[in-house]
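Summary of structural features
One letter stands for each residue in the lines below.
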Amino acid sequence: SLQVVVPQDAIDLHIRTVNALGSYATVLDQLIRSADSPFTTLVVLRTYNEAEREMLYAFDALSSYYVRKSSEK
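Residues numbered from 1 in each chain as written. Predicted model: local features only at pLDDT ≥ 70, side-chain atom pairs only at ≥ 80, totals over all residues. Heavy atoms only, no water.

This model, assessed by the stated rule, comprises four salt bridges. The salt bridge partner of Asp-9 is Lys-69, with a shortest N-O separation of 3.0 Å. Here Asp-9 is found in the segment before helix H1 (11-33), whereas its partner Lys-69 is found in helix H2 (residues 38-72), with 60 residues between them in sequence. Here Arg-16 ties to Glu-54 by a salt bridge, and the two come within 2.6 Å at their closest N and O atoms. Here the residue Arg-16 occupies a position in helix H1, and Glu-54 occupies one in helix H2, the gap between them amounting to 38 residues. Assessed through its relative accessible area of 30%, Arg-16 is described here as partly exposed. (Salt bridge = Lys/Arg side-chain N within 4 Å of Asp/Glu carboxyl O. Helix = DSSP H or I, 4+ residues; strand = E, 2+ residues; numbered from the N terminus. Buried < 20%, exposed > 50% of the residue type's maximum accessible area, 1.4 Å probe, protein only.)

If you want it as structure tokens, here you go:
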């Protein structure tokens, strides 16, 4: 289990980011396992693009949160 202390108002952002990373890692594993099947690889690549996009959005939201918080000080 992860033992990371985060601000109370950023918990959802951190959960989103961890979930996005997990999904991205799962898709990468699927790509490796399907390397010998061109059709399966094409299907997984669509999922890859979605997982990559969500990961980028999650990190962007997290970054925006910390930029906003640091400017409040």
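Residues Ala-20, Tyr-24, Val-27, Leu-31, Val-44, Tyr-48, Ala-51, Met-55 and Ala-58 constitute the largest nonpolar core, which totals nine residues. If you list the elements that add at least two residues to this core, you get H1 and H2. For this core, the element with the highest residue contribution is H2, accounting for five residues. In contact with Met-55, other than residues within four places in its own chain, are Ala-20, Leu-21 and Tyr-24. (Core = buried A, V, L, I, M, F, W, Y, C linked by side-chain atoms within 4.5 Å. Contact = heavy atoms within 4.5 Å.)

Attention shifts here to the packing of aromatic side chains. We describe a pair of aromatic rings using the distance from one ring centre to the other and the angle between the two ring planes. This model, assessed by the stated rule, comprises two aromatic pairs. Ring geometry for Tyr-24 versus Tyr-48: centroids 5.5 Å apart, planes at 40°, classification tilted. Of this pair, Tyr-24 sits in helix H1 while Tyr-48 is found in helix H2, placing the two residues 24 residues apart along the sequence. For the pair formed by Tyr-24 and Tyr-48, the shared burial category is buried. Considering the side-chain rings of Tyr-65 and Tyr-66, the 4.8 Å spacing of their centres and the 85° angle between planes classify their relative orientation as edge-to-face. For Tyr-65, a relative accessible area of 3% translates into the label buried. For Tyr-66, a relative accessible area of 36% translates into the label partly exposed. (Phe/Tyr/Trp six-rings, centres within 6.5 Å; stacked < 30°, edge-to-face > 60°.)

As far as function goes, none of this settles anything; it's purely spatial.
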